[in-house]
Amino acid sequence: MDDGKKKKLRNRIINFVFFGVLLIILLSTTAKSWLLKGILSTGLFTAKIEQVSSDNSRLMPLTFKNEDGSIESTESLSGKVVFINFWASWCPPCRAEMASINRMYNRLKTDPQIRFIFICLDDENEIAQKYLAANQFKIPFQRAEGFIPADFYTGTLPTTVVLDKRGALVMKHSGMADYNSEKFIKQLKELANK
């Protein structure tokens, strides 16, 4: 085989591999989340609390059901900083940030001034619970009960919201982020200690 044919064959193999990998990434939720997790690890998507709402009088409460079946509302969590994450197991950006969220949760879950709400938006509880178990994520499994106010969630997954101790919205982030950064954890603790 001459050099021209070898080069053509090599280029075809490279193109085949490239488009094969691209197709896998486009069609596979696991592959997409793996790629996004790699992008998250670059530090380009760190979370920050930087917007402060001065008026919380119009903020409607979010009602949710805990794993044990009890029903709570954000209204009843006054006096605590509340971290709320809307996620689904089929969502690649949600999967990409879940390890970071789980690490942050494990670091702060015993802080009595901070409360975590993880609203699963999967259609079936079993699928989401299997996803959490398979990845050894320890976040609580919670579901919205009824209407989800637009102040909290408008349809983009993942969406993360932070409320201060007065119940005012101090952060709303749509899209994935690294919530286990030292800066973000420091900001949560500062809010909790105010």
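Structure: above.
Source: prediction; values computed, not measured.

**Student:** Looking at this structure, I do not really get the environment of glutamate 50. What am I missing?
**Tutor:** With respect to the helices, strands and loops of the structure, glutamate 50 is situated in the loop between α2 (29-40) and β1 (63-65). Each C-alpha atom of the pair glutamate 50 and glutamine 187 lies 9.4 Å from the other, and the pair is 137 residues apart in sequence.

**Student:** Help me understand the sheet that holds strand β3 (residues 81-87), please; the structure alone is not making it clear to me.
**Tutor:** Where strands meet in a sheet, backbone hydrogen bonds hold them as pairs that are either parallel or antiparallel. Strand order in this open sheet of four strands is β4-β3-β6-β7, and the pairing throughout is mixed. Only two strands of the sheet have a single partner each, and these edge strands are β4 (114-120) and β7 (169-174). Here the average twist between neighbouring strands, direction ignored, is 10°. Bridging between strand β6 (residues 159-163) and β7 involves five bridges; their strand directions are antiparallel. Bridge pairing links leucine 163 to leucine 169 in β7.

**Student:** Just checking my understanding: could you explain unusual backbone geometry for this structure?
**Tutor:** Residues other than glycine predominantly adopt negative phi, and peptide bonds predominantly adopt the trans conformation. Note that the residue after leucine 157, namely proline 158, is joined by a cis bond; omega there is -10°. Structurally, proline 158 can be placed in the loop between β5 (143-144) and β6. Despite not being glycine, glutamine 136 shows a phi value in the positive range, around 60°. Within the secondary structure layout, glutamine 136 lies in the loop between α4 (125-134) and β5. Given a relative accessible area of 60%, glutamine 136 falls into the exposed group.

**Student:** Can you walk me through the pattern of salt bridges in this structure?
**Tutor:** Charged atoms that come close allow side chains of opposite charge to pair. According to the stated counting rule, one finds four salt bridges in the structure shown. The shortest N-O distance in the salt bridge between glutamate 72 and arginine 115 comes to 2.7 Å. Taken as a pair, glutamate 72 in strand β2 (residues 71-73) and arginine 115 in strand β4 lie far apart in primary sequence, 43 residues in all. For the salt bridge of arginine 166 with aspartate 164, the shortest nitrogen-to-oxygen distance reads 3.0 Å.

**Student:** Even after reading the chapter, I still don't get the packing of aromatic side chains, so can you show me in this structure?
**Tutor:** Each aromatic ring pair is summarised here by two numbers: the centre-to-centre distance and the angle between the ring planes. One pass over the full model with this rule turns up 11 aromatic pairs. Taking 5.0 Å as the distance between ring centres and 25° as the angle between the ring planes, the aromatic pair formed by phenylalanine 86 and tyrosine 153 counts as stacked. Taken together, the residues span a long stretch of sequence, with phenylalanine 86 in strand β3 and tyrosine 153 in the loop between β5 and β6 at a distance of 67 residues. Phenylalanine 86 sits in the buried class, given a relative accessible area of 0%.

**Student:** It is not clear to me how helix α3 (residues 92-108) should be interpreted in this structure. Could you clarify?
**Tutor:** Owing to its 3.6 residues per turn, the α-helix brings residues three or four apart onto one side. Its 17 residues give α3 an end-to-end C-alpha distance of 25 Å, which sits within 8% of 24 Å, the value for a rise of 1.5 Å per residue. Along α3, the helix axis deviates most sharply at methionine 98, where the bend reaches about 40°.

Cut-offs applied
- Residues numbered from 1 in each chain as written.
- Predicted model: local features only at pLDDT ≥ 70, side-chain atom pairs only at ≥ 80, totals over all residues.
- Heavy atoms only, no water.
- Helix = DSSP H or I, 4+ residues; strand = E, 2+ residues; numbered from the N terminus.
- Pairing = 2+ DSSP bridges.
- Axes fitted to C-alpha atoms, helices over the stretch in contact; angles between N-to-C directions.
- Buried < 20%, exposed > 50% of the residue type's maximum accessible area, 1.4 Å probe, protein only.
- Salt bridge = Lys/Arg side-chain N within 4 Å of Asp/Glu carboxyl O.
- Phe/Tyr/Trp six-rings, centres within 6.5 Å; stacked < 30°, edge-to-face > 60°.
- Expected span 1.5 Å × (residues − 1).
- Bend = angle between axes of the 7 residues up to and from the residue.

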